[in-house]
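Structure at a glance
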Amino acid sequence: MADHNNRYETIVRKLRDHGHKLTPQRLAIVKILAKSEGHPSVENIYDQIKIDFPTMSLATVYRNILLIKSIGEVLELGFPDGSNRYDGNRPYPHPHVICIKCKKIVDPELDSLDDMREEVAAETGFKILNHRLDFFGICSSCGANKG
Ligand code: ZN
Ligand code: MN
């Protein structure tokens, strides 16, 4: 499990280093991103933010997430239906396992990924800069409820 306090401090420091203002609203978004294990959507984050900042708009939440993404401190998982999800714990490329029923997304702990990256580079001659690896399936809670 990632260290949430460390992630919060790291993101805040990097925002400051880049000259961005540290408003209470912005810090609240950083806090949610840093502690969320569930790969929240912008709407999920907005729902949590609204409790403390009822006047904040969805667009403002989105702008702040894009800002944090621009400094490389949140990973955006885009999907064709537009339901993007965000990982503030692990802002670097890593594999995901996605439930096609409830849309739960988890981070599997895999040792084999470094080997795979080297194998892909050796096989193709590419210098690998980034990767995206998603496994789709049905999670145990959804499987258990089936008929
Ligand atoms: Zn599920
Ligand atoms: Mn993740």
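Remember, it's a predicted structure, so these values are computed and weren't measured experimentally.

1. Some details on the domain arrangement of the protein
Size of an interface: often given as the accessible area lost when the parts come together. What the domain assignment lists for the protein is domain 1 (2–87) and domain 2 (96–144). A separation of 23 Å is found between the C-alpha centroids of domain 1 and domain 2. Summing both partners gives a buried area of about 650 Å² for domain 1 against domain 2, and 54% of it is carried by carbon and sulfur. Remark: the boundary between domain 1 and domain 2 carries zero salt bridges. The interface formed by domain 1 and domain 2 contains five residue pairs in polar contact (both at pLDDT 80 or more).

2. Details of the coordination of the zinc ion (ligand 1)
Only C99 (SG), C102 (SG), C139 (SG) and C142 (SG) from the protein coordinate the zinc ion (ligand 1), and they sit 2.3 Å from it. For the zinc ion (ligand 1), the four donor atoms in the first shell make angles of 105 to 115° at the metal, a pattern classed as tetrahedral. Mapped onto the polypeptide sequence, the residues donating to the zinc ion (ligand 1) form the spacing pattern C-x2-C-x36-C-x2-C. Taken as a pair, C102 in the loop between β3 (96–99) and β4 (105–106) and C139 in the loop between β5 (134–137) and α6 (140–144) lie far apart in primary sequence, 37 residues in all. Note on C139: relative accessible area 14%, which makes it buried.

3. Topic: the sheet that holds β5
The three strands lie next to each other as β4-β3-β5, forming an open sheet whose pairing is mixed. Whereas interior strands pair on both sides, the edge strands pair on one side only; in this sheet they are β4 and β5. Pairing of β3 with β5, which is carried by four bridges, proceeds in the parallel orientation. Looking at the pairing, I98 lines up with F136 of β5.

4. Some points on unusual backbone geometry
The backbone phi angle of H39 is positive, close to 55°, even though this residue is not glycine. Along the chain, H39 falls in the loop between α2 (24–35) and α3 (42–52). H39 sits in the buried class, given a relative accessible area of 1%. Backbone geometry at K103 places phi at a positive 65°, although glycine is not the residue there. Within the element layout of this structure, K103 appears in the loop between β3 and β4.

5. Considerations on the packing of α2 against α3
Relative orientation of the contacting elements α2 and α3 amounts to 125°, with a least axis distance of 10 Å. The angle between α2 and α3 falls in the class oblique. In this structure, the crossing between α2 and α3 has a hand that is right-handed. Every residue of α3 that contacts α2 at Q25, A28, I29, I32, L33 and K35 is listed here: I45, Q48 and I49. In terms of residue class, the contact of α2 with α3 is built from six nonpolar, two polar and one charged.

Cut-offs used in this document
- Residues numbered from 1 in each chain as written.
- Chains lettered and ligands numbered in written order.
- Predicted model: local features only at pLDDT ≥ 70, side-chain atom pairs only at ≥ 80, totals over all residues.
- Heavy atoms only, no water.
- Domains from an automatic or database assignment.
- Buried area = accessible area lost by both parts, 1.4 Å probe.
- Salt bridge = Lys/Arg side-chain N within 4 Å of Asp/Glu carboxyl O.
- Polar contact = N/O pair within 3.5 Å; in protein donor to acceptor, adjacent residues only side chain to side chain.
- Donors = N, O, S within 2.8 Å, 3.2 Å for Na, K, Ca; no water.
- Tetrahedral: all angles 85-135°; square planar, octahedral: opposite > 155°, others 65-115°.
- Helix = DSSP H or I, 4+ residues; strand = E, 2+ residues; numbered from the N terminus.
- Buried < 20%, exposed > 50% of the residue type's maximum accessible area, 1.4 Å probe, protein only.
- Pairing = 2+ DSSP bridges.
- Axes fitted to C-alpha atoms, helices over the stretch in contact; angles between N-to-C directions.
- Parallel < 35°, antiparallel > 145°, perpendicular 65-115°, else oblique.
- Left-handed = near helix turned anticlockwise from the far one by under 90°.
- Contact = heavy atoms within 4.5 Å.
- Nonpolar A, V, L, I, M, F, W, Y, C, P; charged D, E, K, R; others polar.

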